Structure formats: C-alpha cells, structure tokens
Amino acid sequence: MKTTLTYNPPTHPSGMSLRDYFAGQALAGISQHLSVMLSEQDMTAEEIRRSLKLASALSLSLADEMMEARTQEEETEE
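Residues numbered from 1 in each chain as written. Predicted model: local features only at pLDDT ≥ 70, side-chain atom pairs only at ≥ 80, totals over all residues. Heavy atoms only, no water.

**Comments concerning helix α2 (residues 45–77)**
Reasoning step 1: For α2, spanning 33 residues, the distance from its first C-alpha to its last is 48 Å, which sits close to the expected 48 Å at 1.5 Å a residue.
Reasoning step 2: For α2, the set of buried residues is S51, A55, S59, S61, A63, D64 and M67. (Helix = DSSP H or I, 4+ residues; strand = E, 2+ residues; numbered from the N terminus. Expected span 1.5 Å × (residues − 1). Buried < 20%, exposed > 50% of the residue type's maximum accessible area, 1.4 Å probe, protein only.)

**Here's the deal with the environment of S39**
Reasoning step 1: Locating S39 in the fold gives a position in helix α1 (residues 18–40).
Reasoning step 2: Its relative accessible area of 61% is what places S39 among the exposed residues.
Reasoning step 3: Within the structure, S39 has its side chain in polar contact with the backbone oxygen of V36 (distance 2.8 Å). (Polar contact = N/O pair within 3.5 Å; in protein donor to acceptor, adjacent residues only side chain to side chain.)

**Notes on the packing of aromatic side chains**
Reasoning step 1: Within this structure, the stated rule accounts for one aromatic pair.
Reasoning step 2: Arranged with centres 6.3 Å apart and planes meeting at 50°, the rings of Y21 and F22 form a pair that is tilted. (Phe/Tyr/Trp six-rings, centres within 6.5 Å; stacked < 30°, edge-to-face > 60°.)

**Quick notes on a negative patch on the surface**
Reasoning step 1: A cluster of like negative charges, contributed by E68, E73, E75, E77 and E78, occupies part of the molecular surface.
Reasoning step 2: When its relative accessible area of 82% is taken as the criterion, E78 is described as exposed. (Patch = residues over 30% accessible without salt bridge, like charges linked within 9 Å, V, L, I, M, F, W, Y side chains within 5 Å. Areas by Shrake-Rupley, 256 points an atom, 1.4 Å probe, with all protein chains shown as cover. Salt bridge = Lys/Arg side-chain N within 4 Å of Asp/Glu carboxyl O. Lys, Arg positive; Asp, Glu negative; His and termini not counted. Charge placed at Lys NZ, Arg CZ, Asp CG, Glu CD.)

**Here's the deal with the packing of α1 against α2**
Reasoning step 1: Here α1 crosses α2 at 140°, and the two axes come no closer than 8 Å. One way to sum up the angle between α1 and α2 is to call them oblique. Crossing angle aside, the handedness with which α1 passes α2 is right-handed.
Reasoning step 2: Grouping the amino acids of the contact of α1 with α2 by side-chain chemistry returns 18 nonpolar, three polar and three charged. (Axes fitted to C-alpha atoms, helices over the stretch in contact; angles between N-to-C directions. Parallel < 35°, antiparallel > 145°, perpendicular 65-115°, else oblique. Left-handed = near helix turned anticlockwise from the far one by under 90°. Nonpolar A, V, L, I, M, F, W, Y, C, P; charged D, E, K, R; others polar.)

**Some words on the environment of I48**
Reasoning step 1: Tracing the backbone through its elements, the reader meets I48 in helix α2.
Reasoning step 2: For I48, a relative accessible area of 29% translates into the label partly exposed.
Reasoning step 3: Note: C-alpha distance between I48 and L38 (10 residues apart in sequence) is 7.6 Å.
Reasoning step 4: Sequence-distant contacts of I48, defined by excluding residues within four places in its chain, comprise L38 and M43. (Contact = heavy atoms within 4.5 Å.)

Okay, structure coming up:
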C-alpha cells in the first residue's frame, strides 16, 4: 500500500490533522468488519497481529486517498 502524503500539518489544537481524522474514521469502519471476521475464524496470535497491521495500513492509505481527492476537488474549484 502506498502512502503518498508526507506533509501532514496539524489542524486541531490536539495535534490531530485532517489525515489523522480520516484515518481514524476509516479504521472505525474497518474495525467493525475485522471484529466480525476475527470472531468467526480461529486465528493464531500472529494472524491477528498481521490483520491489525493491515487494517492500520489500509486506514492510512484510505486517508491519503481522501486527502488526494480533496486536493483535486479544491484545484477544480479554482
């Protein structure tokens, strides 16, 4: 999975950026699906760890795509 954005300026006093927010929202949705999947399968601790790592990477990738779409939308409005 690619992570295209390297500049991630804070936009909230807590230090959370818009990318962080998008990633958190994506992770919430992915976690819902992942919890169902984990409860239905007999997985080893290593498989669970890999699944969680993948979910984290996917969340950041989705956030990057949302940031890119937002940038493209702003450019077309100008």
